[in-house]
Amino acid sequence: MTTRFGPARVPSRKSPEAAVELLVERGYTACEIDFEGGFWMKDEYAWAARFGELAAERDIVLSVHSPIAAILGHLPTDDAKRKRAFGMLDHTAGVAVACGAVLVVVHPGYLLGRTREAALESVAKDLSDLRERLEAKERRVDFGVEIMGRVRELGTAEDVFWLAERLDWVRPVIDFAHLHAVTDGGFTEVEAFAEVLAQADSVLEPAAPFHVHFSDIAFANRNETKHLPYGEGTLRAEPLRDALAHFERPATVISESPGEESHQAVRAIVVGSRV
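Predicted, not measured: the structure shown is a model, and the values here were computed from it.

What counts, and where the lines are drawn
Residues numbered from 1 in each chain as written. Predicted model: local features only at pLDDT ≥ 70, side-chain atom pairs only at ≥ 80, totals over all residues. Heavy atoms only, no water. Helix = DSSP H or I, 4+ residues; strand = E, 2+ residues; numbered from the N terminus. Rg over C-alpha atoms; globule rule 2.2 N^0.38 Å. Buried < 20%, exposed > 50% of the residue type's maximum accessible area, 1.4 Å probe, protein only. Contact = heavy atoms within 4.5 Å. Areas by Shrake-Rupley, 256 points an atom, 1.4 Å probe, with all protein chains shown as cover. Core = buried A, V, L, I, M, F, W, Y, C linked by side-chain atoms within 4.5 Å. Lys, Arg positive; Asp, Glu negative; His and termini not counted. Salt bridge = Lys/Arg side-chain N within 4 Å of Asp/Glu carboxyl O. Phe/Tyr/Trp six-rings, centres within 6.5 Å; stacked < 30°, edge-to-face > 60°. Lys NZ or Arg CZ within 6 Å of the ring centre and 35° of its normal. Axes fitted to C-alpha atoms, helices over the stretch in contact; angles between N-to-C directions. Parallel < 35°, antiparallel > 145°, perpendicular 65-115°, else oblique. Left-handed = near helix turned anticlockwise from the far one by under 90°. Nonpolar A, V, L, I, M, F, W, Y, C, P; charged D, E, K, R; others polar.

Q: For the overall build of the protein, give the residues involved together with the corresponding values.
A: Summing up its helical and strand segments, the protein has nine helices and 10 strands in all. Taking 275 residues into account, the globule formula puts the C-alpha radius of gyration at 19 Å, and the protein, at 18 Å, falls close to it. In terms of its C-alpha atoms, the protein occupies a principal-axis envelope of roughly 50 × 45 × 35 Å. Here the protein holds 275 residues, and the buried ones make up 56% of them. Counting only contacts in the protein whose residues sit at least 6 apart along the sequence, the fraction spanning at least 24 positions is 75%. Summed over its atoms, the accessible surface of the protein is roughly 11,900 Å², and 49% of this surface lies on carbon and sulfur atoms.

Here it is as structure tokens:
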């Protein structure tokens, strides 16, 4: 099955044409639009529509990462924060529909002093309420909940798979850098990668690809500290490549590495045997 590969940032903000030209030049078949720090497109819907049109012509699949501040599962006393998050996610979904993106990536939120079960129920309710709002605006798009890199907070692999199994329009976003961090460097063998992919495979719809985030990572006390240029840490791409080969499911691998050289190093390993 085919593996698509691309960066976690649009490579040029100058124009949609410039961005797609760079993606093609660098050999990418996917790209994740980077709204983590906020919305940056000028005349967003027109920019996104043109970007999506050009990307589709070149067979580049798009996804969108929502703003970091758009956290789900706020406490009942934080209604203003919840409304703000819903507004940002609503707008993200609108941009995603405009550019034809297949997925909106979100962070699952925090425990906020609650039991894990209570926090997950709150996130699931927010996702369901948000879905109703988006359907009314014809902004239906699948959401991808990302596995996080802090061991004592919400967003473990189990949390994310629970949400994906419960809501059929929610997919797991498998962040192997985060998994490597929370296991104190446990992702060095093919079996570790394959085990997580097997769990994702069991909750995904038959036609849906794996959506993977990958980069080298620094960590301490089983928590991520920062993304690293490829080769500076202990996470390697060969086990990911070999684990993906075990499954009859396509994959999209998004590189969160800091720098083009690292993107290309990972791309050379991951894409080579599956295209």
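Q: Before we move on, can you summarise the nonpolar core with the specific residues and values?
A: In globular proteins that are soluble, nonpolar side chains generally tend to be buried together. Among the nonpolar cores identified, the biggest contains 85 residues, and Phe51, Leu127, Phe143, Phe176, Phe210 and Phe214 are the most heavily contacted of them. When residues of this core are assigned to their parent elements, the largest contribution, eight residues, is made by helix 7 (residues 190-203). Excluding its chain neighbours within four sequence positions, the residues that come into contact with Phe176 are Phe187, Phe193, Val196, Leu197, Val212, His213, Phe214, Leu235 and Leu240.

Q: Let's hear about the side chain of Glu44: which residues, and what values?
A: Along the polypeptide, Glu44 turns up in helix 2 (residues 44-57). Of the side chains with opposite charge, Arg139 lies nearest to the buried Glu44, which makes no salt bridge, at 9.1 Å. Leaving out residues up to four positions away in the same chain, Glu44 has contacts with Phe35, Phe39, His91 and Val95.

Q: Can you explain the packing of aromatic side chains? Please cite residues and give values.
A: In this structure the tally under the stated criterion is 10 aromatic pairs. On the basis of an interplanar angle of 55° and a centroid distance of 5.5 Å, the ring pair of Trp47 and Phe51 is categorised as tilted. A residue pair is termed a helical-turn pair when its members lie 3 or 4 positions apart in one helix, as Trp47 and Phe51 do in helix 2 at four residues. Phe51 shares its class with Trp47; the two are buried. Residues Phe143 and Trp169 carry aromatic rings whose centres are separated by 6.0 Å and whose planes lie at 90° to one another, so their mutual orientation is edge-to-face. Separated by 26 residues along the polypeptide, Phe143 in strand 5 (residues 143-146) and Trp169 in the loop between helix 5 (157-166) and strand 6 (170-175) bring together distant segments of the chain. Taken together, Phe35, Phe39, Trp40, Trp47 and Phe51 form an aromatic cluster joined through their ring pairs. Sitting above the plane of the Tyr230 ring, Arg236 keeps its charged end 5.5 Å from the centroid.

Q: Please give an account of the packing of helix 5 against helix 7 that cites residues and values.
A: Contact geometry for helix 5 and helix 7: axes closest at 9 Å, N-to-C directions at 15°. The angle between helix 5 and helix 7 falls in the class roughly parallel. Judged by the twist between their axes, the crossing of helix 5 over helix 7 is right-handed. Contacts between helix 5 and helix 7 involve Phe161, Ala164 and Glu165 from the former and Val196, Gln199, Ala200 and Val203 from the latter. Looking at side-chain class alone, the contact of helix 5 with helix 7 contains five nonpolar, one polar and one charged residues.

Bear in mind that shape data such as this cannot, by itself, settle questions of function.
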